[in-house]
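Given next are the chains, with one letter for each unit.
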Amino acid sequence: LNAFATVYEHNLEKPKSKFANPVPLGLSSFAFSCLILSLINAQVRGVTNNKIIVGAGLFYGGFIELVAGLLCYPSGDTFGMTVLGAYGGFWLSYASILTDAFGIISSYGDNVEMLNNALGFFLSGWTVFTFLMLMCTTKSHWGLFLCLLFLEISFILLTVGTFLDNKHVHIGGGYFGIFSSICAFYCLYCGVSSEKNSYLPLRTYSMPGASMV
């Protein structure tokens with residue numbers, strides 16, 4: 001009877017939950033939003049109006065990426081929480097700047113120089129932040145390192161191009177943003193593909209002296 005009771009109680013126990021890895025979700029939102037914005041910054045196919053990024057910036061690149069960053073908290077992933085949460089904030093704030101209802105751009109009136117300087121300040125902050133996060137990937141894997149390296153170069157060029165109101169430098173920043181997006185898509189696929197679900201799984205390649213993958 002005691003043995004039966006033990007087995008019965010064991011069967012009533014709930015199965016242990018296993019948290020999914022939220023990083024690929026965050027990478028997907030970043031890669032998508034970064035690709036769209038960078039294509040516009042590079043003026044691919046003559047597109048220069050960047051208002052199409054507002055929806056993606058508010059919801060996919062912003063809200064979803066922010067949630068993915070917060071979901072890194074239970075797993076103790078401080079880097080993932082910081083990077084995904086921060087860039088989620090970037091997309092939300094950038095989309096807000098482009099949203100007419102906030103009146104941010106219109107508040108500068110016809111003073112284009114002041115608007116460019118203000119946007120340059122905004123981009124400068126993200127240039128510094130990206131550099132700090134880049135330094136935290138030098139013992140990671142190549143996909144993540146190159147993603148942030150290209151993103152850092154993109155921010156530098158976009159910042160300079162905005163301060164100087166130079167279209168060609170701005171376009172260069174757009175192309176490096178495309179490269180960053182491609183690396184993010186690669187990391188995303190590596191994070192979800194395996195021999196169990198794909199005939200073409202990919203893997204990450206660690207950098208010299210890597211201590212985390």
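Residues numbered from 1 in each chain as written. Predicted model: local features only at pLDDT ≥ 70, side-chain atom pairs only at ≥ 80, totals over all residues. Heavy atoms only, no water.

Peer 1: What is the right way to read the packing of aromatic side chains from this model?
Peer 2: One pair of aromatic rings is described through two measures. These are the centre distance and the angle between the planes. Applying the stated criterion to the full structure yields 15 aromatic pairs. With a centroid separation of 5.7 Å and an interplanar angle of 45 degrees, the aromatic rings of F30 and Y87 are classed as tilted. Separated by 57 residues along the polypeptide, F30 in helix α2 (residues 23-41) and Y87 in helix α4 (residues 78-98) bring together distant segments of the chain. Just as F30 is buried, Y87 falls in that class too. (Phe/Tyr/Trp six-rings, centres within 6.5 Å; stacked < 30°, edge-to-face > 60°. Helix = DSSP H or I, 4+ residues; strand = E, 2+ residues; numbered from the N terminus. Buried < 20%, exposed > 50% of the residue type's maximum accessible area, 1.4 Å probe, protein only.)

Peer 1: Explain the packing of α4 against helix α5 (residues 112-135) to me, please; I cannot follow it from the model alone.
Peer 2: Angle between the axes and distance between the axes are the two parameters that describe a pair of packed helices. The geometry of α4 relative to α5 is characterised by a closest axis approach of 12 Å and an angle of 165 degrees between their N-to-C directions. Between α4 and α5, the angle falls in the class roughly antiparallel. When you trace α4 past α5, the crossing you get is left-handed. Along its contact with α4, which presents F79, T82, V83, A86, Y87, G89, F90, S93, Y94 and I97, the element α5 presents L119, F122, W126, F129, T130 and M133. Classifying every residue of the contact of α4 with α5 gives 12 nonpolar, 4 polar and no charged. (Axes fitted to C-alpha atoms, helices over the stretch in contact; angles between N-to-C directions. Parallel < 35°, antiparallel > 145°, perpendicular 65-115°, else oblique. Left-handed = near helix turned anticlockwise from the far one by under 90°. Contact = heavy atoms within 4.5 Å. Nonpolar A, V, L, I, M, F, W, Y, C, P; charged D, E, K, R; others polar.)

Peer 1: Even after reading the chapter, I still don't get the pattern of salt bridges, so can you show me in this structure?
Peer 2: Here the structure, examined in full by the defined rule, presents 1 salt bridge. Of the charged contacts, one joins K51 and D100 as a salt bridge, the two residues approaching to 3.1 Å between their closest N and O atoms. Pair noted here: K51 is in the loop between α2 and α3 (53-71) and D100 is in the loop between α4 and α5, with a separation of 49 residues, a long-range link. Look at K51 and you get partly exposed, because its relative accessible area is 35%. (Salt bridge = Lys/Arg side-chain N within 4 Å of Asp/Glu carboxyl O.)

Peer 1: Is there a simple way to explain the environment of K167 in this structure?
Peer 2: Mapping K167 onto the fold places it in helix α7 (residues 167-192). Through-space distance from the C-alpha of K167 to that of N111 is 18 Å; in sequence the pair is 56 residues apart.

Peer 1: Help me understand the side chain of S181 in this model?
Peer 2: Within the element layout of this structure, S181 appears in helix α7. Within the structure, S181 has its side chain in polar contact with the backbone oxygen of A31 (distance 2.7 Å). In contact with S181, other than residues within four places in its own chain, are A31, C34 and L35. (Polar contact = N/O pair within 3.5 Å; in protein donor to acceptor, adjacent residues only side chain to side chain.)

Peer 1: How should helix α6 (residues 142-164) be read in this particular structure?
Peer 2: Since one α-helical turn is 3.6 residues long, residues separated by three or four positions face the same way. The terminal C-alpha atoms of α6, which comprises 23 residues, lie 33 Å apart, in line with the 33 Å expected from a rise of 1.5 Å per residue. Where α6 terminates, the next one or two residues include D165, which has phi positive at roughly 55 degrees. (Expected span 1.5 Å × (residues − 1).)

Peer 1: What exactly am I supposed to notice about the side chain of T130 here?
Peer 2: By secondary structure assignment, the location of T130 is in helix α5. For T130, the side chain forms a polar contact with the side chain of Y87, separated by 2.7 Å. With near-sequence residues (within four places) excluded, T130 lies in contact with Y87, L148, L151, E152 and F155.

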